[in-house]
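What follows is each chain in one-letter form.
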There are 2 protein chains.
Amino acid sequence: MDHNSGAILVLSGPSGAGKSTLLKEVINDIGECYFSISTTTRQIREGESNGVDYHFISTKEFQADIDDGMFLEYALVHGNYYGTSLKPVRKALKAAKLVIFDIDVQGNEIISKRLGDISTSVFISPPTLNELKTRLKGRKTDTEDVIVARLEMAKQEIQRISEYDYLIINDELKTAANRLKVIAQAARLKFADNEIDEFKQKWEDID
Amino acid sequence: MDHNSGAILVLSGPSGAGKSTLLKEVINDIGECYFSISTTTRQIREGESNGVDYHFISTKEFQADIDDGMFLEYALVHGNYYGTSLKPVRKALKAAKLVIFDIDVQGNEIISKRLGDISTSVFISPPTLNELKTRLKGRKTDTEDVIVARLEMAKQEIQRISEYDYLIINDELKTAANRLKVIAQAARLKFADNEIDEFKQKWEDID
């Protein structure tokens with residue numbers, strides 16, 4: 001039996017931890033991936049693509065998927081639904097892809113409850129709060145207020161890192177990237193519970 | 001903060017699954033290792049070396065270590081103690097080594113209870129029971145009775161593979177070895193609970 005089903009890699013960590021940079025570094029070494037994107041009922045805007053920015057679906061479809069328990073989480077914002085649907089995730093898993101979630105601590109909690117058998121979680125952290133402050137100030141995209149809020153959120157998230165399978169301290173890019181690569185490669189090797197059951201059953205057969 | 005503490009890799013699987021062959025294949029690619037060996041109070045025999053075949057210690061020392069909760073498991077056999085001591089394990093972990101246990105399902109249960117934060121467990125299995133039978137007969141080291149007993153034990157162990165982090169089906173040596181390599185490399189990246197606590201505390205500091 002080969003290992004043909006996909007698996008899940010959850011990445012969490014404060015804005016400024018370097019998740020995207022690390023992912024870019026390793027993306028060519030970890031096999032076929034699918035980046036989980038949100039599903040929404042809002043109108044598609046100019047310059048956006050379906051399946052790239054969001055999965056755009058109708059409200060009727062969204063509600064039916066809610067009823068089918070397809071959403072890991074969802075919210076109604078200004079009359080439009082937004083959520084993380086299992087539909088594209090399942091499709092990617094069937095195609096043996098590594099599904100990557102960039103999601104917060106709450107999101108990881110939900111995924112590990114519902115898909116824990118095939119999911120590996122990694123918390124990516126800057127080495128220190130000071131370093132995070134420096135990085136956030138350096139990229140000049142956030143106001144002082146936003147930076148203060150991000151630092152506060154980071155402080156709270158860090159308190160929950162023991163809920164993760166791995167912690168990567170993004171101090172030196174090459175080292176951190178190499179660690180992420182190894183973890184992502186190992187993540188692919190997780191078997192789903194149903195595969196394990198199948199293997200157990202087949203195992204009983206003997207001439 | 002660099003990751004300087006060691007970690008644990010538990011390997012289980014029936015005799016004939018190919019654990020030793022796989023380990024030999026990957027040993028040069030997974031950094032410094034320490035293979036856990038048993039501790040005993042029996043006399044050292046000719047040709048044996050302390051620290052290679054067993055850790056040979058006195059009965060007094062063994063009993064003191066039992067009292068200190070140092071043994072993952074132990075048994076008294078024909079008046080001699082045998083057991084798996086945490087003493088050499090802790091020493092190896094301090095030296096940032098990957099401690100490898102070749103241990104059964106019960107052993108893995110104990111390790112994951114006591115050292116779960118830094119341990120990764122792998123069940124190595126032949127592809128089928130028939131294949132295991134063929135391999136055991138082929139190596140001509142076991143009597144027919146022993147083979148029957150080994151197959152029966154394998155059947156029982158396979159029923160508990162869901163207790164392991166990973167399953168490697170040793171069908172094709174190179175594929176299986178590559179999987180073990182990746183898992184062992186990832187295993188090294190586990191942080192101990194006390195390291196996580198230290199990181200959390202340090203994180204609070206900000207100018």
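From a predicted model like this one, the values you see are computed outputs, not experimental measurements. (Residues numbered from 1 in each chain as written. Chains lettered and ligands numbered in written order. Predicted model: local features only at pLDDT ≥ 70, side-chain atom pairs only at ≥ 80, totals over all residues.)

### Looking at the overall build of chain A
Convention followed: Numbering of helices and strands runs from the N terminus, with a helix taken as a DSSP run of H or I at least four residues long and a strand as a DSSP run of E at least two residues long. Exposed residues have 12 or fewer other C-beta atoms within 10 Å of their own C-beta, buried residues have 20 or more, and residues in between are partly exposed; the C-beta atoms are placed from the backbone. Any residue pair is listed as a contact if its two C-beta atoms, each placed from the backbone, are within 7 Å.
Each helix and strand in chain A was counted, giving eight helices and nine strands. Across its three principal directions, the C-alpha atoms of chain A cover 70 × 45 × 30 Å. Relative to its full complement of 207 residues, chain A shows a buried share of 36%. The contacts in chain A between residues at least 6 apart in sequence include a share of 71% that link residues at least 24 apart.

### Looking at the nonpolar core
Stated precisely, the cut-off is as follows: Here, a nonpolar core means buried Ala, Val, Leu, Ile, Met, Phe, Trp, Tyr and Cys residues linked by C-beta atoms lying within 7 Å of one another.
Core analysis: the biggest nonpolar cluster contains 89 residues, and A:Val122, A:Ile183, B:Val122 and B:Ile183 have the highest contact counts within it. Residues in contact with B:Val122, not counting those within four places in the same chain, are B:Leu9, B:Val10, B:Leu11, B:Tyr164, B:Asp165, B:Tyr166, B:Ile168, B:Leu180 and B:Ile183.

### Side note on the environment of B:Ser15
Position of B:Ser15 relative to the elements: it lies in the loop between strand S1 (7-12) and helix H1 (19-26). Put simply, B:Ser15 and B:Asp142 are 127 residues apart on the chain and 11 Å apart in space, counted from C-alpha to C-alpha.

### Let's talk about the sheet that holds strand S7 (residues 98-102) of chain B
Residue and element names in this part refer to chain B. This is how it is decided: Pairing between strands is defined by DSSP: at least two bridges between them are needed. Between the N-to-C directions of two axes lies an angle of 0 to 180 degrees, each axis being a line fitted to C-alpha atoms and, for a helix, fitted only over the stretch in contact.
One open sheet holds the five strands; their spatial order is S2-S7-S1-S8-S9, and the pairing between them is parallel. Since the sheet does not close on itself, it has two edges, and those belong to strand S2 (33-35) and strand S9 (166-169), each with one partner. Adjacent strand axes in the sheet meet at a mean angle of 25° when their direction is disregarded. Sheet analysis places S1 next to S7, joined by five bridges and oriented parallel. Residue pairing in the sheet places valine 10 in a bridge with phenylalanine 101 of S7.

### Notes on the interface of chain B and chain A
Short version of the rule: Three classes are used: nonpolar for Ala, Val, Leu, Ile, Met, Phe, Trp, Tyr, Cys and Pro, charged for Asp, Glu, Lys and Arg, and polar for all others, with Gly counted as polar.
With 29 residues of chain B in contact, the opposing surface of chain A contributes 29 residues. At the level of elements, helix H5 (129-138), S9, helix H7 (173-187) and helix H8 (193-203) of chain B are the ones that each hand at least two residues to the side of chain B that touches chain A. Partitioned by chemical class, the residues of the side of chain B that touches chain A number 16 nonpolar, five polar and eight charged.

### Overview of the pairing of S7(B)
All names here are of chain B. Of all five residues in S7, four are buried, a share of seventy percent or more. Of the pairings in the sheet, the one linking S2 to S7 comprises three bridges and is parallel in character. Across the sheet, phenylalanine 35 pairs through a bridge with isoleucine 100, a residue of S7.

### Here we look at the sheet that holds strand S4 (residues 55-56) of chain A
Spatially, S4-S3-S6-S5 (chain A) is the arrangement adopted by the four strands of the open sheet, whose pairing is mixed. Edge positions in the sheet fall to S4 and strand S5 (71-77) of chain A, since each has one partner strand and no second.

### Considerations on the packing of H1(B) against H7(B)
Relative placement of two packed helices is described by the angle separating their axes and the distance separating the axes. Residue and element names in this part refer to chain B. Formally: Any angle between 65 and 115 degrees counts as roughly perpendicular, while under 35 counts as roughly parallel, over 145 as roughly antiparallel, and the rest as oblique. Two helices cross in a left-handed way if the nearer one is turned anticlockwise from the farther one by less than a right angle. They cross in a right-handed way if the turn is clockwise.
Put simply, H1 and H7 touch, their axes get as near as 9 Å, and they point 65° apart. One element, H1, and the other, H7, form an angle in the roughly perpendicular class. Here H1 runs over H7; the crossing is right-handed. Contacts between H1 and H7 involve Thr21, Leu22, Glu25 and Val26 from the former and Leu173, Ala176, Ala177, Leu180, Lys181 and Ala184 from the latter. Looking at the contact of H1 with H7 residue by residue, the class counts come to seven nonpolar, one polar and two charged.

### Focus: helix H3 (residues 86-94) of chain A
Two residues of an α-helix separated by three or four positions point the same way, owing to the 3.6 residues in each turn. All names here are of chain A. The condition that has to hold: To obtain the arc, one takes the directions from the helix axis to the C-beta atoms.
Every buried residue of H3 is accounted for by Val89, Ala92 and Leu93. All buried residues of H3 project into a common sector of 100° when viewed along the axis, lining one side. The inward-facing, buried residues of H3 contact strand S2 (33-35) and strand S7 (98-102). Two residues or fewer past H3, alanine 96 is found with a positive phi of approximately 65°.

### Description of the domain arrangement of chain A
Residue and element names in this part refer to chain A. Worth spelling out the cut-off: Each domain's extent is set by a domain assignment, obtained either automatically or from a database.
By domain assignment, chain A separates into domain 1 (1-32 + 97-200) and domain 2 (37-95). Relative placement of domain 1 and domain 2: their C-alpha centres are 22 Å apart. A class-by-class count of the residues in the side of domain 1 that touches domain 2 yields three nonpolar, three polar and two charged.

### A closer look at unusual backbone geometry
All names here are of chain B. Positive phi, normally seen in glycine, also occurs at histidine 78, with a value near 50°. Tracing the backbone through its elements, the reader meets histidine 78 in the loop between strand S5 (71-77) and strand S6 (80-85). Phi at lysine 140 takes a positive value of approximately 55°, unusual for a residue other than glycine. Residue placement: lysine 140 occurs in the loop between H5 and helix H6 (144-158). On the neighbour-count criterion, lysine 140 (6 C-beta atoms within 10 Å) is exposed.

### Comments concerning the confidence of the model for chain A
Stated precisely, the cut-off is as follows: Scored from 0 to 100, pLDDT reflects the predictor's confidence in each residue.
Scored by pLDDT, chain A has a mean of 92; 97% of the residues are at 70 or more. Here the complex is predicted with pTM 0.90, and the ipTM for its interfaces comes to 0.87.

### Remarks on the relation of the copies chain B and chain A
Worth spelling out the cut-off: The least-squares superposition of copies is restricted to C-alpha atoms, and to residues with a pLDDT of at least 70 in both copies.
Aligned on chain A, chain B shows an RMSD of 0.0 Å; the corresponding rotation is 180° and the shift along the axis is 0.0 Å. The two molecules are tied by a two-fold rotation axis, judged by turn and shift.

### Structural notes on the pairing of S5(B)
Residues and elements named next belong to chain B. Pairing of S5 with S6 involves six bridges; the strand directions are antiparallel. Residue pairing for S6: glutamate 73 is matched across the bridge by threonine 84. Hairpin remark: S5 followed by S6, antiparallel, with two residues in the connecting loop; positive phi at histidine 78, about 50°.

### A closer look at the environment of A:Ser58
Tracing the chain through its elements places A:Ser58 in the loop between S4 and helix H2 (59-67). Separated by 20 residues in sequence, A:Ser58 and A:His78 have C-alpha atoms that sit 15 Å apart.

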